[in-house]
Amino acid sequence: MGYATSQQLARYYELYQNIDVTFSKEVIKATGLIPQQVYVKALGGQWPCVVNSASLSGAKIISGIKSGFYEKIQQGNTSVSLRLSFLDPEKSEPMSFFVTSKITGFTQYAGSPDLIIINIAYTQRPPDDLIEKLGALLEANINSTKRREERIVMTPDAMRKLGILQKETVIFIQGIPRRCIIRDLSFSGSKVIMVGIAPFLINKEVVLRIDITEPRLALGVKGTIVRTEDVEGRKDLVALAIKYHEAEIPMGYKMQINAYLSQMRKTALHDAEAADGASAPKHAHEGHASKNDKDTAANAKKPSETATGSPDATPNAESAPSAGAKPEAQAADAAQAGDAAPAKK
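As the structure is a prediction and not an experimental result, all values here were calculated from the model.

Caption draft 1: Structural view of the pattern of salt bridges. With the rule as written, the count across this model stands at 13 salt bridges. A salt bridge links Asp236 to Arg234; its shortest N-O distance comes to 2.9 Å. When salt bridges with common partners are traced through the structure, they connect Arg148, Glu149 and Glu246 into a single cluster.

Shown next, in the form of structure tokens:
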């Protein structure tokens, strides 16, 4: 999806500086953190540790009481450096950096006699790579609520920017794999087309598989079929509206959708500004463009790939499948040859 600009990094730092991110398994996978390459360095030595949580102003790490690092703390040493490593999809080598910090306190971890949790505060602004990692994650989490109804229609351009190679995928309906075609995606749900009979599919629990190439992710998103629609001219096909289980949406999925929508928003604003500049008066006495003119230009330049709606919203002419979707119909014909072989979730 590209790298964050200096303006975006400054915005992340200002908005999310003191918000802690707990490094659960899901967050570790979404950020690409390499736990085996996380160390704390002090007085010329370094010791392995575990990141419990981190923000853009400090972190909490877990270390063993019997380690040499704990002895350094007891001697009154508070100046440390936290070494973090993340997978870099652009390179074969991981992205590693040190964050200069100081220890502000420590306590026993969950009552364990062998582990302590150490609070550290950064003594300067952290590296841009860390700001980008945590900022993008926090922004995606917030926008998954604020922009949950914005749908992304699977056009070739949208697929390329999302890193999705093909619309054809597998949906597990109550554990049984079936072939389908992704019609659109959003933070809160999706729409797919498949061979089936609507009355037997409504309200069924599903897992939609989404393969993303950059970064390499194989996501399984859990949800429920909340609505079915006919496909015009194809009695053998049915369109399924899926509403995701909000608490179980993978963080990697949220980050991918957010990156795309943010990119489209920037493009729309840029185009609107360019349109305003092109239509600006050539002479001072001709006056300035009004606010209404700017709003009209902005609305006219909104990206065509996105629309407002949700899986459980009333279907409209744009969201309903059409008989003219030849590639989808052809792919659906291929699906009639048989269901996909069972695949791992």
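There is more to say, and it comes next.
Caption draft 2: View of helix α1 (residues 6-16). Of the residues making up α1, those classed as buried are Gln8, Leu9, Tyr12, Tyr13 and Tyr16. Buried residues along α1 cover an arc of 135° about the axis, so they all sit on one side. Facing away from the buried surface of α1 by more than 90 degrees, the exposed residues are Ser6, Gln7 and Glu14.

Caption draft 3: Looking closely at the side chain of Glu229. Summarising the element assignment, Glu229 is placed in strand β14 (residues 217-231). Of the residues examined, Glu229 reaches a relative accessible area of 10% and is grouped as buried. Separated by 3.4 Å, the side chains of Glu229 and Lys191 make a polar contact.

Thresholds applied
Residues numbered from 1 in each chain as written. Predicted model: local features only at pLDDT ≥ 70, side-chain atom pairs only at ≥ 80, totals over all residues. Heavy atoms only, no water. Salt bridge = Lys/Arg side-chain N within 4 Å of Asp/Glu carboxyl O. Buried < 20%, exposed > 50% of the residue type's maximum accessible area, 1.4 Å probe, protein only. Helix = DSSP H or I, 4+ residues; strand = E, 2+ residues; numbered from the N terminus. Arc of directions from axis to C-beta. Polar contact = N/O pair within 3.5 Å; in protein donor to acceptor, adjacent residues only side chain to side chain.

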